[in-house]
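Overview (structure and organization)
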Amino acid sequence: MSETAQVSSLPLPPMQYVTLFSEENVKRGRTPRPPPPITDNYSMFGNPYNTDDAVIRPLESQNIRRLYPNNYDHRRELKKLNHSITASFLDLVDICIRNPESEARATKIDDLTLLFIHMHHLVNEFRPHQARETLRVMLEQQKRQRLEIAERFRRHFDKAWELVQQAVNTIPEPTESNIKLLIDVERVQPSEGNLNNQTSGNGCAEEDRVLCQIIDLL
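The protein chain carries the name Mediator of RNA polymerase II transcription subunit 7 in an unreviewed UniProt entry, which gives Daphnia barbata as its organism. Recorded under Subunit (unreviewed entry), the UniProt text for the protein chain is reproduced unchanged: "Component of the Mediator complex." According to its UniProt record, the protein chain has this under Function (unreviewed entry): "Component of the Mediator complex, a coactivator involved in the regulated transcription of nearly all RNA polymerase II-dependent genes. Mediator functions as a bridge to convey information from gene-specific regulatory proteins to the basal RNA polymerase II transcription machinery."

See below:
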């Protein structure tokens, strides 16, 4: 029994370009540069386009007969087109049942095609609004994330401040005896000039007197 061959539903990538973007070429900067932007005419899906054309071209520029007025309500026209498509589809089914070879079949297919083109055009006119709403949602999401990060930072800051305050509160207050000891030591501590002048036994006597005062205080 032969093994079933795995077939990908997507076409294979163009290997003549894949080999140019190898890891070594990427590291060495040898990958081909992107093509320059198009500044004039171009073709897409076999249809010619110009860079100066509007994003959503009017139906008249595409040689398509308009079925609704210039001033219209999108929602109302879409509902009307939906009803017309449903009715035309039922008519096409009836024609296919009664006389499939009739010329009315091709005419009804053309009518359905025109209705779908108009519906698609009306939907495309909502694209700028959709883009603005998508951008608004993205900005609101980023704002919410920044506010959450700021709130977490504030909580960590408050917690750190509380720990610092607790550490400060645990430091013992200086007692009267400790303050007196510090004052007496500073009072009796000899200066450098006095130490240089005391070269005999007077220095030893002075040190003994300081030690005795410290012992009395303890």
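**A short note on the confidence of the model for the protein chain**
Detailed reading of the predicted model is not advised wherever pLDDT is low. Averaged over every residue, the pLDDT of the protein chain is 80; the share at 70 or more is 76%. The low-confidence segment residues 191–204, where pLDDT is below 50, has two contacts with residues more than four positions distant or belonging to other chains.

**Topic: the nonpolar core**
Among the nonpolar cores identified, the biggest contains 11 residues, and these are Leu59, Ile64, Tyr68, Leu81, Ile85, Leu92, Leu112, Leu114, Leu115, Met119 and Leu122. Every element with two or more residues in this core is listed here: α3 (74–98) and α4 (103–124). Apart from the residues lying within four places of it in its own chain, the contact partners of tyrosine 68 are Leu59, Glu77, His118, His121 and Leu122.

Parameters at a glance
- Every chain is numbered on its own, with residues counted from 1 as its sequence reads.
- For this predicted model, a pLDDT threshold of at least 70 governs which residues receive local features, and a threshold of 80 or more governs which side-chain atom pairs are given and counted, while totals over whole chains, interfaces and linings are taken from all residues.
- Excluded from the side-chain calculations are hydrogens and water; all other atoms, namely the structure's heavy atoms, are used.
- UniProt positions are given in the numbering used here, feature names are shortened, and annotations may be inferred rather than shown by experiment.
- Values of pLDDT, which run from 0 to 100, indicate the predictor's confidence residue by residue.
- It only takes one pair of heavy atoms within 4.5 Å for two residues to be counted as in contact.
- To form a nonpolar core, buried Ala, Val, Leu, Ile, Met, Phe, Trp, Tyr and Cys residues must be joined to one another through side-chain atoms within 4.5 Å.
- Throughout this description, buried means an accessible area under 20% of the type-specific maximum (1.4 Å probe, protein chains only), exposed means over 50%, and partly exposed covers the range between.
- Only DSSP runs of H or I reaching four residues or more are called helices, and only runs of E reaching two or more are called strands; each is numbered from the N terminus.

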